[in-house]
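# Survey of secondary and tertiary structure
Each chain, letter by letter, is given below.
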Amino acid sequence: STVIQCSNHLSSPIGLDGQQSQLEFRPQPGTPQQVMKNIRKLVKEFSTKYPEFDLSDEGDRYPLGGHIHVGLNREIEVPNDLRIILDDFVGRPTIEMSGDARSSYKQLGATRTQKHGFEYRSTPAAVFQNPAMTFVTLRLVKNLCEKYFNQDTLEYNSRPTIQDYIEVGGLTKNQAKYFMKFCGNGYKPA
């Protein structure tokens with residue numbers, strides 16, 4: 001049996017979660033494009049160092065979360081209306097990709113205050129399954145947060161449409177279609 005020597009120090013880019021039971025990738029912050037590239041780099045680094053292990057976003061054995069950190073250069077308590085917006089556009093469409101092990105972690109409106117801003121915790125690890133989904137999800141969260149904190153009016157259908165993802169979420173038509181397809185029937189644990 002192989003022992004993985006990963007740091008549990010939270011500043012380490014590859015480490016173990018707080019329960020010491022699963023692997024965490026902690027990419028450097030940046031734009032959605034930069035974070036997506038940073039995640040790819042960390043996955044490649046881990047896979048090169050530990051080729052005998054397969055990475056999975058299945059979430060049926062461990063409660064794999066896809067937490068997204070939002071940096072605001074200050075600690076904030078997330079307003080309830082922002083939680084609702086993030087849930088409507090990101091949480092609701094992705095939550096069923098959580099896998100069976102997420103149990104109590106599989107909930108909408110899950111956030112945690114951080115020194116740098118906050119963490120949106122409702123998303124499963126599946127949103128990081130591939131670079132395209134990673135980028136679109138991060139871009140969507142970034143755009144929604146920017147609009148919210150810039151006090152823009154966010155009007156959309158109770159179940160966001162492709163047009164809502166474009167106009168409110170700031171995605172291109174292709175990105176919006178891809179996100180909705182992936183969430184609707186395109187997801188396969190890997």
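See the structure printed just above.
Residues numbered from 1 in each chain as written. Predicted model: local features only at pLDDT ≥ 70, side-chain atom pairs only at ≥ 80, totals over all residues. Heavy atoms only, no water.

## What about the sheet that holds strand β3 (residues 68-71)?
- Overall, antiparallel pairing links the three strands, which are arranged β3-β5-β4 in an open sheet. Of all the strands in the sheet, just β3 and β4 (111-114) have a single pairing partner and so form its edges. For this sheet the average axis-to-axis angle between neighbouring strands, irrespective of direction, equals 25 degrees.
- Helix-sheet contacts for helix α2 (residues 80-94) involve β4 and β5 (117-120), and the interaxial angle to β5 is about 40 degrees. (Pairing = 2+ DSSP bridges. Helix = DSSP H or I, 4+ residues; strand = E, 2+ residues; numbered from the N terminus. Axes fitted to C-alpha atoms, helices over the stretch in contact; angles between N-to-C directions. Contact = heavy atoms within 4.5 Å.)

## Observations regarding the pattern of salt bridges
- If you walk through the whole model with that rule in mind, you get seven salt bridges.
- Here Arg92 makes a salt bridge to Asp88, at a shortest N to O gap of 3.4 Å. With a gap of four residues between them, Arg92 and Asp88 both fall in helix α2, about one helical turn apart.
- Given a relative accessible area of 48%, Arg92 falls into the partly exposed group.
- Judged by relative accessible area, Asp88 falls into the buried class, the value being 12%.
- The residue Lys142 makes a salt bridge to Glu146 at a minimum N-O spacing of 2.7 Å. On the criterion of helical spacing, the pair formed by Lys142 and Glu146 is a turn pair, its members being four residues apart in helix α3 (residues 131-149). (Salt bridge = Lys/Arg side-chain N within 4 Å of Asp/Glu carboxyl O. Buried < 20%, exposed > 50% of the residue type's maximum accessible area, 1.4 Å probe, protein only.)

## Concerning the nonpolar core
- Grouped together as the largest cluster of nonpolar side chains are 35 residues, with contacts concentrated most on Leu86, Phe89, Phe118, Leu140 and Leu144.
- Looking at this core, the elements with two or more residues in it are α1 (32-49), β3, α2, β5, α3 and α5 (173-186).
- Of the residues forming this core, the biggest block, nine residues, is contributed by α3. (Core = buried A, V, L, I, M, F, W, Y, C linked by side-chain atoms within 4.5 Å.)

## Focus: the packing of α1 against α3
- Two elements in contact, α1 and α3, have axes separated by 9 Å at closest approach and are oriented at 145 degrees. Here the hand of the crossing between α1 and α3 comes out right-handed. Across from Pro32, Gln33, Val35, Met36, Ile39 and Arg40 in α1, the residues of α3 making contact are Pro131, Thr134, Phe135, Leu138, Arg139 and Lys142.
- A breakdown of the residues in the contact of α1 with α3 according to their chemical character gives seven nonpolar, two polar and three charged. (Left-handed = near helix turned anticlockwise from the far one by under 90°. Nonpolar A, V, L, I, M, F, W, Y, C, P; charged D, E, K, R; others polar.)

## Section: the packing of α2 against α3
- Closest axis-to-axis distance for the α2/α3 pair is 10 Å, and the angle between their directions is 165 degrees. It follows that α2 is roughly antiparallel to α3 by the angle criterion. With respect to the hand of their crossing, α2 and α3 are arranged in right-handed fashion. Residue-level inspection shows Asp81, Leu82, Ile85, Leu86, Phe89, Val90 and Thr94 of α2 in contact with α3, the latter providing Met133, Thr137, Leu140, Val141, Leu144, Cys145, Tyr148 and Phe149.
- For the contact of α2 with α3, the residue count by class is twelve nonpolar, two polar and one charged. (Parallel < 35°, antiparallel > 145°, perpendicular 65-115°, else oblique.)

## Quick look at the environment of Gly117
- Tracing the chain through its elements places Gly117 in strand β5.
- Its relative accessible area of 0% is what places Gly117 among the buried residues.
- Along the primary structure Gly117 and Arg74 are separated by 43 residues, whereas in three dimensions their C-alpha atoms are 5.2 Å apart.
- The contact partners of Gly117, leaving out residues within four places of it in the chain, are Val70, Leu72, Arg74, Glu75 and Ile76.

Taken by themselves, the reported measurements are silent on function.
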